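In case you want the letters, here they are:
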Amino acid sequence: MKVGFIMHHCPYCGTKVEENELYCIKCGKQLPEDAAERLKNHKSFNKYWYLPISILALVILSAGIYYIFMQNQTAEASDLYNKAEESVMEGQYGEAKELLQSALENSKEFKQADIALTYVQEALKIENSIEKANNFLKKQEYQKALSLINDAENSLSNYNGNAVTQLINKLTSKRNLIKIEELKHKLDQKPSINDMKTLLWEAESIKHDEAAEITTDIRNQIVDYTFSKASENLNDKQFSDALVIVEDGLKYAPNSGKLQSLKTTIDKEKTAFETAQRQRIEQAISSAEEERKLNENDAIELVSVNVENNEQDKLVVKGKVKSVATIPINTILVEYTLSSKSGSEFLSNEVYVYPETLYPDEVGEFEFTHFDIDQEGKNINIKVDKIKWYTNQ
């Protein structure tokens, strides 16, 4: 036989109670009078709790399922986005658009995919603009083609990244191609040298190997033209004009050895010409001085002079002079002296030459009859003492 203690409990909350207590010290409910009821150790359960507990469990289960579903949707959207990125880098914008739309269907809050889709739609418009530009290029409507390319590039100003850089590079290449074709077209029109100089700047602004070749060709043409025109002026002794032409050409071809050499030649030829010219001037001045002295002092050369008797047995003095002056001289006066064979002078006289004016290398004559001298001419000596003349200078 076992001996023990009998434990009493609240039939509502299960709390231990004393046999003589009327109310539960925990839940506050009135305890049953029947002591046997107090011997049951269990909590009463409210059946109405089943509903909220069931709802809570259902919500938790649904949330878990939804979370798993959304995780799967997000993972699929991310996978589609990555595939779209690859398509964009390959320039497959149509394919990228479909992938991004599918990604957004799986994850409507996929902001990065939404931004990428906006870019791809813009890229598709740009591809269309490039195609239109190609059509304008075929029609040689270069400015319309360039306008489309410029507008397309401006539309990318709010985007960045490798894909954007790749598309901008494509637009740049297309722009360069259009400019090169326009440049070739202008060159086919046989432009003037001034137009060629303008085209040179255009060619230099295009960063392309073919444009570099065109630039070299244009520059060579400018050099050849400049060299020819400057040489013509050099041959005509137009040194300043030749130098201006060369210096202008060097603006477009500063490293041209051909033009640099010509410039040096012009400078040397100019110096030599100026030196020679200065010497010629000095010589001319000297010659002019000599000529002046000649015309003043030695303009007349005595050709002949003699004394003879005429038919009337009168003593006649005759002679000829020649002008060695460089200018006309006039009023030529010959002074002479008559002397005997023994050397005794007995008469001095003057006589004018005719014609009155003698031109360079012209010969004049003089003659004088002495009626008061009764001597034989053969017995008389004549000496021309001086010849005087006048010039118009």
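In this text, all values refer to a predicted model and were calculated from it rather than measured experimentally.

## Examining the overall build of the chain
When helices and strands are tallied, the chain shows 10 helices and 9 strands. Out of the 393 residues in the chain, the part that is buried amounts to 32%. For the chain, restricting intrachain contacts to residue pairs at least 6 apart in sequence, the fraction spanning at least 24 positions comes to 58%. Surface exposure of the chain reaches about 25600 Å², of which carbon and sulfur atoms provide 50%.

## Some words on the UniProt feature "domain: Zinc-ribbon" (unreviewed entry) in the chain
Using the residue numbers shown here, the UniProt feature "domain: Zinc-ribbon" (unreviewed entry) corresponds to residues 9–31. With 0% helix and 13% strand, the stretch residues 9–31 has end C-alpha atoms that lie 9 Å from each other.

## Focus on the pattern of salt bridges
Scanning all chains against the criterion turns up 15 salt bridges. A salt bridge links K186 to E182, with the nearest nitrogen and oxygen atoms 3.9 Å apart. Taken as a pair, K186 and E182 lie in helix α6 (residues 162–188) at a separation of 4 residues, close to a single helical turn. Between K186 and E202 there is a salt bridge, and its shortest N-O distance comes to 3.4 Å. Here K186, found in helix α6, pairs with E202, found in helix α7 (residues 193–204); they are 16 residues apart in sequence, far enough to count as distant. One salt-bridge network, in which partners are shared between bridges, spans E181, K184 and E210.

## Section: a negative patch on the surface
A cluster of acidic side chains, namely E85, E86, E90, E95 and E98, defines a negative patch on the protein surface. Mapped onto the negative patch, the elements with two or more residues apiece are α2 (50–89) and α3 (93–106). In this fold, E98 is placed in helix α3. What makes E98 exposed here is its relative accessible area of 55%.

## As for the side chain of K174
Within the secondary structure, K174 is located in helix α6. If sequence neighbours within four positions are ignored, K174 has contacts with I130, N134 and I149.

## A word on the packing of helix α4 (residues 111–138) against α6
One can describe the packing of α4 onto α6 by two numbers: an axis separation of 12 Å at closest approach and a directional angle of 10°. Relative to α6, α4 is oriented roughly parallel. Where α4 abuts α6, its residues Y119, A123, I126, E127, I130, A133, N134 and L137 lie against A163, V164, L167, K170, L171, K174, I178 and E181. Residues belonging to the contact of α4 with α6 are distributed by class as follows: 11 nonpolar, 1 polar and 4 charged.

## What to know about the layout of surface pockets
Computed from the structure, the largest pocket encloses a volume of approximately 320 Å³. Lining the largest pocket are 17 residues, and of these Y81, E85, A116, Y119 and A163 sit closest to its centre. Mapped onto the lining of the largest pocket, the elements with two or more residues apiece are α2, α4 and α6.

## Notes on α7
Spanning 12 residues, α7 covers 17 Å between terminal C-alpha atoms, matching the ideal 16 Å at 1.5 Å per step. Where α7 is concerned, the buried positions are I193, M196, K197, L199, L200 and A203. When α7 is viewed along its axis, its buried side chains cluster within an angular range of 165° and face the same direction. At its buried positions, α7 is contacted by α6, α8 (209–235) and α9 (239–252).

## Quick look at the sheet that holds strand β4 (residues 315–323)
Across a sheet, strands are paired by hydrogen bonds formed along the backbone, either parallel or antiparallel in direction. On the basis of which strands lie adjacent, the open sheet formed by 3 strands has the order β3-β4-β8 and antiparallel pairing. The open sheet has two edge strands, β3 (300–309) and β8 (363–370), and neither has a second partner. Here the strands of the sheet are splayed against their neighbours by 15° on average, with no regard to which way each runs. Examined bridge by bridge, β4 and β8 share 8 bridges and lie antiparallel to one another. Bridge pairing in β8 links K322 to V363.

## Some words on the environment of I332
By secondary structure assignment, the location of I332 is in strand β5 (residues 329–340). Classification of I332 by relative accessible area gives buried; the value is 0%. C-alpha of I332 to C-alpha of T357: the two residues are 25 residues apart in sequence and 7.8 Å apart in space. Ignoring any residue separated from it by four or fewer positions in sequence, one finds I332 in contact with I300, V351, Y352, V353, E356, L358, I387, K388 and W389.

## So, unusual backbone geometry
Residue Y354 is joined to P355 through a cis peptide bond whose omega torsion reads 0°. The topology assignment puts P355 in the loop between β6 (345–352) and β7 (357–358). We note that K190 has phi near 55°; this positive angle belongs to a residue other than glycine. Among the structural elements, K190 can be located in the loop between α6 and α7. Assessed through its relative accessible area of 73%, K190 is described here as exposed. Unusually for a residue other than glycine, D361 sits at a positive phi of about 70°.

About the cut-offs
- Residues numbered from 1 in each chain as written.
- Predicted model: local features only at pLDDT ≥ 70, side-chain atom pairs only at ≥ 80, totals over all residues.
- Heavy atoms only, no water.
- Helix = DSSP H or I, 4+ residues; strand = E, 2+ residues; numbered from the N terminus.
- Buried < 20%, exposed > 50% of the residue type's maximum accessible area, 1.4 Å probe, protein only.
- Contact = heavy atoms within 4.5 Å.
- Areas by Shrake-Rupley, 256 points an atom, 1.4 Å probe, with all protein chains shown as cover.
- UniProt positions renumbered as here; feature names shortened; annotations may be inferred.
- Salt bridge = Lys/Arg side-chain N within 4 Å of Asp/Glu carboxyl O.
- Patch = residues over 30% accessible without salt bridge, like charges linked within 9 Å, V, L, I, M, F, W, Y side chains within 5 Å.
- Lys, Arg positive; Asp, Glu negative; His and termini not counted.
- Charge placed at Lys NZ, Arg CZ, Asp CG, Glu CD.
- Axes fitted to C-alpha atoms, helices over the stretch in contact; angles between N-to-C directions.
- Parallel < 35°, antiparallel > 145°, perpendicular 65-115°, else oblique.
- Nonpolar A, V, L, I, M, F, W, Y, C, P; charged D, E, K, R; others polar.
- 1 Å grid on protein atoms, 1.4 Å probe; cavity = no way out; pocket = protein on both sides within 12 Å on 5 of 7 lines; lining within 4 Å.
- Points joined across faces, edges and corners; volume = space filled by probe spheres on them.
- Expected span 1.5 Å × (residues − 1).
- Arc of directions from axis to C-beta.
- Pairing = 2+ DSSP bridges.

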